[in-house]
Amino acid sequence: MAVELEGQHVRATDAALDLIAEIRRDHPDILFHQSGGCCDGSSPMCYPVGEFMVGDNDVLLGQIGGAPFYISAAQYAAWQSPDLIVDAIPGRGGMFSLDNGREKRFLLVSVACDAEGRN
């Protein structure tokens, strides 16, 4: 069972919420995971519920667009920033992520490092 933090530690921009709504038309039940691994590790990955196994060492940061957002405990500890923003920008999504093939991709931004004032 994943660790659940108190409160909401992730939020989404309007662009990300629009992309989530587009994905949910095809896949109503989705979840997000940020691993920090080598394969598309800098992008949050979006999966159909049941196709990604959330691990005991994952941390639930909150929900965006009605979907849970998890991060690996190691990545959470390395970043030392529990408050994150999910944005959507032009580009190709991660190979295994549901944003792939939509000409938009998810991007994770730390609130502490957000120079563009996303909210």
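Residues numbered from 1 in each chain as written. Predicted model: local features only at pLDDT ≥ 70, side-chain atom pairs only at ≥ 80, totals over all residues. Heavy atoms only, no water.

Visitor: Talk me through the pattern of salt bridges; I want residue IDs and the actual numbers.
Guide: Under the counting rule described, the total for this entry stands at three salt bridges. Note that E22 is salt-bridged to K104, the shortest N-O span being 2.8 Å. With a gap of 82 residues between them, E22 in helix 1 (residues 14-26) and K104 in strand 8 (residues 104-110) connect regions that are remote in the sequence. Judged by relative accessible area, K104 falls into the partly exposed class, the value being 30%. Connected through salt bridges with shared partners, the residues E22, D26, R102 and K104 form a single ionic network. (Salt bridge = Lys/Arg side-chain N within 4 Å of Asp/Glu carboxyl O. Helix = DSSP H or I, 4+ residues; strand = E, 2+ residues; numbered from the N terminus. Buried < 20%, exposed > 50% of the residue type's maximum accessible area, 1.4 Å probe, protein only.)

Visitor: Describe the sheet that holds strand 7 (residues 84-90), listing the residues and the values that go with them.
Guide: The sheet built from three strands is open, its strands ordered 2-7-8 with mixed pairing. Both outer strands of the open sheet, strand 2 (10-12) and strand 8, are each paired with one neighbouring strand and no more. Taken over all neighbouring pairs, the strand axes of this sheet differ in orientation by 30° on average, direction set aside. With three bridges connecting them, strand 2 and strand 7 associate as parallel partners. The residue of strand 7 that forms the bridge with R11 is I85. (Pairing = 2+ DSSP bridges. Axes fitted to C-alpha atoms, helices over the stretch in contact; angles between N-to-C directions.)

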